[in-house]
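Summary of structural features
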Amino acid sequence: MVIQLDGLGTVRLTPRPAVPARFSGGQDAQGPYTLGQLNIKVWLDQSPDHCYSTLKWTLDVPVGTTVQEAAAAVSTLVTWHEGLRTRYLGGDPPVQRVAGSGELPIEVWSVDEGQAGPVDPALLAHELLARLASGIAPDAPLPLRVAVAVRGELVRAAVMVFSHLAVDFQAVTVLGREFTALLRDPRRPAAGIHQPLAQAAAESDPRARRRQEAAIRHWERHLRLIPQCLYARPRTGPSAGGGIGQLSSPAGAAALRHIASRTRTSRPTIVFAALCAVLARRTGYSECRFPILSGNRFEPRLEQYVGTLAQSVLVRLDTGGATFDELVRRAFATLLSASRNGAWDATVAARLHERVAAERGLHLRFEPLFNNLVVDSPAAGPPPEPVESLAGAASRTRVVWQPAPPMPALVRFDLWQVDGLLRISGWSADTGRMDQAEGESLLRAVERLLLAVAGGDLDAAAVGPATGLDPIAREPGWGLVDSCWIELDEVRRLLDDALGSGVARAFPEPDTGLVAYVSAAEAPASPEEIHARCLAALPGRLTAMTPQRYVICDGTPHDPSDLASWQRLPVLAEGSGRTVI
């Protein structure tokens, strides 16, 4: 189970000698990366300090478990799963090298005996994870670390930290279940296990290659239409770093059960549809195009696979003219279609991203906007609260806000739980654009919409107002260009930084988009050079894009803000600047 804690205090832990977990999995072996591993490698090369470069997990430990029993369970897991005894090397192409046998030291920490009374296992796990915070290098001898907290010889808490090259969240869930099951029955046999080297071989099959090529074509179609920033909101203040809010709602969970019963659709799909309705209402986009994560576990042999399979897919959901139930059906079809394009070569995709971004004059980001970490199953337990009582139950909703680790995306949502509690988090990398109040309002809008549709469908005109949000107010100077909301002042700052203050000015023109008029005396001699400089200055500017056309003029007008003054100057050269791409 994942534990997210803040402000719990500290507990005194004393290091003890490590306990070896020995493993023997057969012969040493090596092979190419899987598509999932290659995707993570490319992503980590671009964001090496991302908070998800390692994945952390708190293990369920039965009462009375000894250190040696925990070590034996870890030994079995590493023996079973070759991804846990693999070294991920570089090279062109990169290689993974599997160790046939070896030893993993389990870090042991003793709870200070001077600390009277029982200690909360969640607090112990929090402290253990803090001691493993240094992360795991991609080419480390083993891609995991394990630590336990003990009193005497009995384990009070245990955690694992993994390289994301070895596992994704679904794989970590599998390992957590297997660890606890092995402690209850050490003789439990291994089920048929599909291994990463076998997965890499399967992905080289000609039919698999054709599916990967189709996925790249799917990416290109969407890349030419996706907004640079889905949540282009005017800045409200200087950035104070990132923030994350987590909504916990028993009423939302009950509402989901009512809606799922009516629509016969999974609860994560319903949350996705509600989130799209909220974003469409707030941003002014009638359709949502953005990346999400696909777990890629559609084949039976991959359901319990311990490896990293998740890759981003681009989705398009048209929210216009749909009742809520129709929106849920559209969301299901969208997710199903996207999942067919969830496996692709990340090196090919990276080149495609760079080319399309340069052609469109954007700095595209591919952090998933929505990440579903729930494996839905038929809801068990007592019936949900009656629809009539959900408004009162909403009084038990809580939103906790705390600083977020560094991340490149302006906004991101993670769905963690739907059983008994709707638990969804909203992240922002820039609290100057999405502050605590804005982030909390989006989370509560998702809950508000779910409660509004728990008792029955809403017609198209009522869906947006049911969120309780108004569209973002954008003052003059904003415009919709090439599917992107942009600020002309931010484009001006881009040109000033790329070419020098006052050298160029951009104006929106019908049928062309943004046209930059550039003074020849202080600028490069060609549109291609100007475009290259603008692209280089673009990263970090969420509400700017490069002009679609550059007009190099002989001179500078007295009033650079006057389009007519620029148009009266002699033209020395003009063009899109894209001819060398």
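Structural notes, computed from the coordinates. Chains are numbered independently. Their residues run from 1 in the order of the written sequence. Local features in this predicted model are restricted to residues of pLDDT 70 or higher, and side-chain atom pairs are both shown and tallied only at a pLDDT of 80 or more, whereas totals for entire chains, interfaces and linings draw on every residue. For side-chain calculations, the full set of non-hydrogen atoms in the structure is used, while hydrogens and water are omitted.

Comments concerning the environment of Ala506
Using the following cut-off: The secondary structure listing takes helices from DSSP runs of H or I that are at least 4 residues long and strands from runs of E that are at least 2 residues long, numbered from the N terminus. Contact criterion: two residues are considered in contact whenever any of their non-hydrogen atoms come within 4.5 Å of each other.
Inspection of the secondary structure puts Ala506 in strand 18 (residues 504-509). Residues within four places of Ala506 in sequence aside, it is in contact with Val491, Leu495, Val515, Ala516 and Pro547.

Quick word on the state of the cysteines
Disulfides are covalent bonds that link the sulfur atoms of two cysteine residues. Rule in force here: Pairs of cysteine sulfur atoms within 2.5 Å are identified as disulfides in what follows. When accessible area is computed with a 1.4 Å probe and restricted to protein chains, residues below 20% of their type maximum are described as buried, those above 50% as exposed, and intermediate ones as partly exposed.
Overall, the coordinates contain 0 disulfides when judged by the stated rule. Lacking any disulfide linkage, Cys484 is separated from the closest cysteine sulfur, that of Cys229, by 8.8 Å. Summary of cysteine pairing: Cys553 is not part of a disulfide, and the nearest cysteine sulfur, belonging to Cys534, is at 14 Å. For Cys553, a relative accessible area of 0% puts it in the buried group.

Concerning helix 15 (residues 527-537)
The following threshold applies: It is the directions from the helix axis to the C-beta atoms whose arc is reported.
Pro527, Ile530, His531, Cys534 and Ala537 are the residues of helix 15 that are buried. Down the axis of helix 15, the buried side of the element spans an arc of 125 degrees, and every buried residue falls inside it. Its buried side turned inward, helix 15 meets helix 10 (346-360), helix 14 (488-499), strand 19 (513-519), strand 20 (549-553) and strand 21 (571-575).

As for the pairing of strand 16 (residues 478-481)
Our working rule: We treat two strands as partners when DSSP finds at least two bridges between them.
With 4 bridges joining them, strand 16 and strand 17 (residues 484-487) adopt antiparallel strand pairing. For Gly479, the partnering residue across the bridge sits in strand 17 and is Ile486. Joining the antiparallel neighbours strand 16 and strand 17 is a turn of 2 residues, in which Asp482 adopts a positive phi near 50 degrees.

Considering the packing of helix 7 (residues 250-263) against helix 12 (residues 436-453)
Applied cut-off: All axes here are fitted lines through C-alpha atoms, helices being fitted over the stretch that makes contact, and every angle between N-to-C directions spans 0 to 180 degrees. The cut-offs work like this: below 35 degrees is roughly parallel, past 145 is roughly antiparallel, 65 to 115 is roughly perpendicular, and the gaps in between are oblique. Each crossing is labelled by how the near helix is turned from the far one, with a counterclockwise turn of less than a right angle marking it left-handed and a clockwise turn marking it right-handed. As a working rule, the residues Ala, Val, Leu, Ile, Met, Phe, Trp, Tyr, Cys and Pro are called nonpolar, Asp, Glu, Lys and Arg charged, and the rest polar, with Gly in that last group.
Interaxial distance between helix 7 and helix 12 falls to 9 Å at its minimum, and their mutual angle equals 45 degrees. One element, helix 7, and the other, helix 12, form an angle in the oblique class. In the packing of helix 7 onto helix 12, the handedness of the crossing is left-handed. Contacts between helix 7 and helix 12 involve Ala251, Gly252, Ala255, Leu256, Ile259 and Arg262 from the former and Glu447, Leu450, Leu451 and Val453 from the latter. Classifying every residue of the contact of helix 7 with helix 12 gives 7 nonpolar, 1 polar and 2 charged.

Observations concerning the pattern of salt bridges
Spelled out, the test is: Any Lys or Arg side-chain nitrogen located within 4 Å of an Asp or Glu carboxyl oxygen qualifies as a salt bridge.
Per the counting criterion, the structure on display carries 32 salt bridges. Taking the shortest distance from any N to any O, the salt bridge between Glu103 and Arg22 comes out at 3.2 Å. Taken together, the positions of Glu103 in strand 6 (residues 101-111) and Arg22 in strand 1 (residues 13-24) put the pair 81 residues apart, joining distant regions of the chain. Here Arg493 and Glu490 are joined by a salt bridge, their closest N and O atoms 2.9 Å apart. Of this pair, Arg493 and Glu490 both sit in helix 14, 3 residues apart, which is roughly one turn of that helix. The exposure class assigned to Arg493 is partly exposed, which follows from its relative accessible area of 35%. One continuous salt-bridge network, built from bridges that share partners, spans Glu220, Arg224, Arg355 and Glu359.

Some words on the side chain of Arg541
As for its position among the elements, Arg541 is in the loop between helix 15 and strand 20. Classification of Arg541 as buried rests on a relative accessible area of 13%.

Looking at the sheet that holds strand 3 (residues 54-58)
Strand order across the open sheet formed by 5 strands is 1-6-7-8-3, with mixed pairing between neighbours. Lying at the two open borders of the sheet, with one neighbouring strand each, are strand 1 and strand 3. Each strand of the sheet is rotated relative to its neighbour by a mean of 25 degrees, with strand direction disregarded. Bridge analysis of strand 3 against strand 8 (residues 154-163) gives 5 bridges, and the strand direction is antiparallel. Its bridge partner lying in strand 8, Thr54 is registered against Ser163. The sheet contacts of helix 3 (residues 121-131) involve strand 1, strand 3, strand 6, strand 7 (144-151) and strand 8, and relative to strand 8 the element is tilted by about 40 degrees. Of the strands in this sheet, strand 3 and strand 8 are in contact with helix 4 (residues 169-184), which crosses strand 3 at around 30 degrees.

As for the nonpolar core
Selection criterion: Joining through side-chain atoms within 4.5 Å is the link that ties buried Ala, Val, Leu, Ile, Met, Phe, Trp, Tyr and Cys residues into a set, and such a set is a nonpolar core.
In terms of nonpolar packing, the biggest core is built from 91 residues, with Val74, Leu84, Phe162, Val167 and Phe179 touching the most fellow members. The contact partners of Phe162, leaving out residues within four places of it in the chain, are Ser53, Thr54, Leu55, Trp57, Leu84, Ile136, Pro143, Leu144, Val167, Val172 and Leu175. Counting 67 residues, the second largest nonpolar core, distinct from the first, contains Val328, Leu369, Val399 and Val446.

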